[in-house]
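Here's the letter readout for the chains.
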Amino acid sequence: MATEDERYRNSSQFRLWSYSPKALKELREKTNNLAQQQIIPRLAADALPEFLTTDEEIQLVKFFTVELLRAAEFLDLPTEIRATAAIFLRRFYITNSVMTYPPDDLLKTCIFFGCKAENFYYRLNKLADALPNTTSEQILAGEFLLCQGMRFAFDVRHPFRALEGAILELRNRLPDEEKRIQAAHGQARHILKFSSILTDVYFHFTPSQIMLAALLISDPGLANELIPTTGIDSAIREKIISTIEQCKTMLQQEPPENMNQYSTASDTIKVIKRLRKKLRKCRDPDRADLVALQKARREQAMNKPKPSNGGQMLADAAVFGDAESREAKRRKLEAANDMFGPALG
């Protein structure tokens, strides 16, 4: 029977959305630079605006992730759906820039698509009516863009289920520590509902590692109770502890208390206000309106002349590649041992 670790390593989350910190940083920088290169020719201004830096984009993505979580809470959506929608948004803005596609519109699409991905029915018109200044057309306009940006990988593995299993195990081992376990359980859930979403832990660690790191913050003694001490090589145990400590450090960068700071702390509000003003000046004018962009692409597709049989074959080859080009791509991918960063260990 496959272990939980083996099952996770076969998931699209591990294969497509796991990076080393260095690889993730480089990819974000590449996305930022590419966005600037694409936007510059489209700007009509004589003098170029100051573009957002990679770090400033990260700050804005965090802000809009908090806005998404607030909207999802207002809609009374279950915890896992809130988390799925937020991870969709964060995945999208790794290979897409906030200067290219508007995050205040994409977050609404993420909420709706997160409901669909988790098989939670939420009527489109009801969602549009519940969110201010929102139409059904606006929500749907970014759906295909979102799917492309996520590489059509909709499976999100969360640490919540792992936490529930850990709590059951602790109750079996420590029947006299119910009050302590209950307190750690509540605190760990708060951390997983916010800190794990706002930081990059989903891109670097497994759900079980994230869960143990949250429990380590909540109650180190209980977390250590779950780390095996016998029947395991000491070097492997040290590696496990080191990995969980790294995850813990990352989670502590965004404690749950920060949720309110994004809307109430004057310093944070001032920074976000400045960045949003900067974004308005440097955003892609051709992609700022997703509804108009979708309409333009539909019209372009409708007006495109239909190819003959030979043309159809050429068109198919352009989209899917002919046999020779596909084989060359396959060999190239197989040669790239570190395509999405090293193993999580």
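Residues numbered from 1 in each chain as written. Predicted model: local features only at pLDDT ≥ 70, side-chain atom pairs only at ≥ 80, totals over all residues. Heavy atoms only, no water.

- Per an unreviewed UniProt entry, the chain goes by the name Cyclin-like domain-containing protein and belongs to [Torrubiella] hemipterigena.
- What UniProt records for the chain under Sequence similarities (unreviewed entry) is the sentence "Belongs to the cyclin family. Cyclin C subfamily." (UniProt positions renumbered as here; feature names shortened; annotations may be inferred.)

## Let's talk about the overall build of the chain
Link 1 in the chain: Check the secondary structure of the chain and you find 20 helices and 0 strands.
Link 2 in the chain: In the chain, which comprises 345 residues, the proportion classed as buried is 44%.
Link 3 in the chain: Pairs at least 24 residues apart make up 80% of the contacts formed inside the chain by residues separated by at least 6 positions.
Link 4 in the chain: Accessible surface, the chain as shown: approximately 19,100 Å² in total, 52% of it carbon and sulfur. (Helix = DSSP H or I, 4+ residues; strand = E, 2+ residues; numbered from the N terminus. Buried < 20%, exposed > 50% of the residue type's maximum accessible area, 1.4 Å probe, protein only. Contact = heavy atoms within 4.5 Å. Areas by Shrake-Rupley, 256 points an atom, 1.4 Å probe, with all protein chains shown as cover.)

## Describing the packing of aromatic side chains
Each aromatic ring pair is characterised by the separation of its centres together with the angle its planes make.
Link 1 in the chain: Going through the model one piece at a time under the given rule, you end up with 9 aromatic pairs.
Link 2 in the chain: By way of ring pairs, the aromatic residues F88, F113, F144, F152 and F154 are connected into one cluster.
Link 3 in the chain: One Lys or Arg, K126, reaches over the ring of Y122 and ends 5.0 Å from the middle of that ring.
Link 4 in the chain: A cation over an aromatic ring shows up here: R151 above the ring of W17, its NZ or CZ 4.5 Å from the ring centre. (Phe/Tyr/Trp six-rings, centres within 6.5 Å; stacked < 30°, edge-to-face > 60°. Lys NZ or Arg CZ within 6 Å of the ring centre and 35° of its normal.)

## Quick look at a nonpolar patch on the surface
Link 1 in the chain: A grouping of F144, F152 and F154 is seen on the molecular surface, where their side chains present a nonpolar patch of about 310 Å² in accessible area.
Link 2 in the chain: As for its placement among the helices and strands, F154 is situated in the loop between α9 (143-149) and α10 (160-173). (Patch = residues over 30% accessible without salt bridge, like charges linked within 9 Å, V, L, I, M, F, W, Y side chains within 5 Å. Salt bridge = Lys/Arg side-chain N within 4 Å of Asp/Glu carboxyl O.)

## Regarding the confidence of the model for the chain
Link 1 in the chain: Looking at the chain as a whole, the pLDDT averages 89, with 88% of positions reaching at least 70.
Link 2 in the chain: Within the model, the stretch residues 310-323 combines pLDDT values under 50 with 5 contacts to residues more than four positions away or in other chains.
Link 3 in the chain: Confidence over residues 332-345 falls short of pLDDT 50; this stretch has 24 contacts with residues more than four positions distant or in other chains. (pLDDT = per-residue confidence, 0-100.)

## A look at the pattern of salt bridges
Link 1 in the chain: Evaluation of the coordinates by the stated rule reveals 18 salt bridges.
Link 2 in the chain: Where R90 meets D200, a salt bridge forms, and the shortest distance between an N and an O atom there is 2.6 Å. Linking R90 in helix α5 (residues 79-95) with D200 in the loop between α11 (178-198) and α12 (201-204), this pair joins segments that are 110 residues apart in sequence.
Link 3 in the chain: The exposure class assigned to D200 is buried, which follows from its relative accessible area of 17%.
Link 4 in the chain: Between K116 and E143 there is a salt bridge, and its shortest N-O distance comes to 2.7 Å. Here K116, found in helix α6 (residues 103-117), pairs with E143, found in helix α9; they are 27 residues apart in sequence, far enough to count as distant.
Link 5 in the chain: K116 sits in the partly exposed class, given a relative accessible area of 40%.

## Remarks on the side chain of D284
Link 1 in the chain: Topologically, D284 is positioned in the loop between α17 (266-282) and α18 (290-303).
Link 2 in the chain: Classification of D284 by relative accessible area gives buried; the value is 1%.
Link 3 in the chain: Of the polar contacts made by the side chain of D284, one reaches the backbone nitrogen of D286; its length is 2.9 Å.
Link 4 in the chain: Setting aside anything within four residues of it in sequence, one finds D284 in contact with I39, R42, M99 and T100. (Polar contact = N/O pair within 3.5 Å; in protein donor to acceptor, adjacent residues only side chain to side chain.)

## A short note on the state of the cysteines
Link 1 in the chain: Counted under the stated rule, the structure contains 0 disulfides.
Link 2 in the chain: In this model C110 remains outside any disulfide bridge; the closest cysteine sulfur is found in C147, 9.9 Å from its own. (Disulfide = S-S within 2.5 Å.)

## Looking at helix α13 (residues 207-218)
Link 1 in the chain: For α13, spanning 12 residues, the distance from its first C-alpha to its last is 17 Å, which sits close to the expected 16 Å at 1.5 Å a residue.
Link 2 in the chain: Extensive coverage of α13 is indicated by the burial of 9 of its 12 residues.
Link 3 in the chain: The complete set of buried residues in α13 reads P207, Q209, I210, M211, L212, A213, A214, L215 and L216.
Link 4 in the chain: For α13, the elements touching its buried residues are α1 (4-9), α10, α11, α12, α14 (220-226) and α15 (234-251). (Expected span 1.5 Å × (residues − 1).)

## Some details on the packing of helix α4 (residues 54-74) against α5
Link 1 in the chain: Following both chains from N to C, one finds α4 and α5 inclined at 155°, their axes separated by 9 Å at the closest point. By the criterion of interaxial angle, the relationship of α4 to α5 is roughly antiparallel. Here the hand of the crossing between α4 and α5 comes out right-handed. In contact with V61, K62, F64, T65, L68, L69, A72 and E73 of α4, α5 contributes R82, A85, A86, L89, R90 and Y93.
Link 2 in the chain: Residue classes in the contact of α4 with α5 are distributed as 9 nonpolar, 1 polar and 4 charged. (Axes fitted to C-alpha atoms, helices over the stretch in contact; angles between N-to-C directions. Parallel < 35°, antiparallel > 145°, perpendicular 65-115°, else oblique. Left-handed = near helix turned anticlockwise from the far one by under 90°. Nonpolar A, V, L, I, M, F, W, Y, C, P; charged D, E, K, R; others polar.)

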